Amino acid sequence: MAQQLTIDVVSDVVCPWCFVGMKRLESALASVPEVSADVHWRPFQLDPTIPPEGKDRKAYMLAKFSDEARLKQIHANLVSLGAVEGISFDFDAITVAPNTLDAHRLIRWASSSGEGVQGRLVRLLFSSYFEQGKNIGDHRVLVEAAREAGMDTAVVEALLPTDADRDEVTNEIVTASRMGISGVPCFLLEGKYAVMGAQESATLADAIRQVAAAKARGELATS
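Here's a quick rundown of the structure. (Residues numbered from 1 in each chain as written. Predicted model: local features only at pLDDT ≥ 70, side-chain atom pairs only at ≥ 80, totals over all residues. Heavy atoms only, no water.)

1. As for the overall build of the protein chain
Phase 1: A count of helices and strands for the protein chain gives 9 helices and 6 strands.
Phase 2: Relative to the 2.2 N^0.38 estimate, which gives 17 Å for 223 residues, the radius of gyration of the protein chain is 18 Å and therefore close to what a compact globule would have.
Phase 3: In terms of overall dimensions, the protein chain has C-alpha extents of about 50 × 45 × 30 Å along its principal axes.
Phase 4: Out of the 223 residues in the protein chain, the part that is buried amounts to 45%.
Phase 5: Restricting the contact set of the protein chain to residue pairs at least 6 apart, pairs at least 24 apart contribute 76%.
Phase 6: Accessible area for the protein chain stands at about 11,100 Å²; split by element, carbon and sulfur atoms hold 51% of it.
Phase 7: Each charge sign in the protein chain was given a centre, from 22 positive and 30 negative side chains, and these centres are 2 Å apart. (Helix = DSSP H or I, 4+ residues; strand = E, 2+ residues; numbered from the N terminus. Rg over C-alpha atoms; globule rule 2.2 N^0.38 Å. Buried < 20%, exposed > 50% of the residue type's maximum accessible area, 1.4 Å probe, protein only. Contact = heavy atoms within 4.5 Å. Areas by Shrake-Rupley, 256 points an atom, 1.4 Å probe, with all protein chains shown as cover. Lys, Arg positive; Asp, Glu negative; His and termini not counted. Charge placed at Lys NZ, Arg CZ, Asp CG, Glu CD.)

2. Examining the nonpolar core
Phase 1: Residues Leu121, Leu125, Phe126, Met151 and Ile208 are the most contacted members of the largest nonpolar core, which totals 61 residues.
Phase 2: Taken together, the elements giving at least two residues each to this core come down to strand S1 (3-11), helix H1 (16-30), strand S2 (35-43), helix H4 (101-110), helix H5 (117-130), helix H6 (139-149), strand S5 (186-189) and helix H9 (201-216).
Phase 3: Apart from residues lying up to four places away in sequence, Phe126 is in contact with Ser11, Asp12, Val13, Cys15, Cys18, Phe19, Met22, Trp41 and Glu131.
Phase 4: By size, the runner-up hydrophobic cluster in this structure holds 6 residues, among which are Ile50, Met61, Phe65 and Ala97. (Core = buried A, V, L, I, M, F, W, Y, C linked by side-chain atoms within 4.5 Å.)

Shape descriptors only; they carry no functional weight alone.
Next comes the structure, spelled out in structure tokens:
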């Protein structure tokens, strides 16, 4: 019988390393068939100050890095790394740096939309932004992703224009910060052990095995 494990992934859908981290987590779990993981995606915002309509991405990134040559090198490195993980990064296609709060609200709703829906949605959002250059701050893009993931789009269309779960998502982000999470992705195993950054699949798999073994021995019980 597979050992059950809970993995909370704190991430932002405009973080390229989080997309890499998602792929590496999938590979890690595939290599540890003796563990059955319940994966939950938790919100984080790299830049909550971006307005709801977003910003011009090229200008935003140049202001952030102040060196176009350095930015091109970072993108080139990510393209190479992504290719290894099956990701086709297309940074030139991205025109808008979006505010991701609404995307995180949608991810939150996906968690109660059926088994596997949240993971499918997160994968679609990463792909929409990084491989297709879509503006994932646009409600039309979010509704389409919800439809593809298998969510009730009528509910999504009704909720997105409202403030539903805005405070709850913001509070989760604040909680992550209070836990000391300042960068993403962060993988929380059984809510106790953190693996920071987009670690190699083998590193993640080893951590999953160790925590699952400790749980099986009863060493993770709360005192």
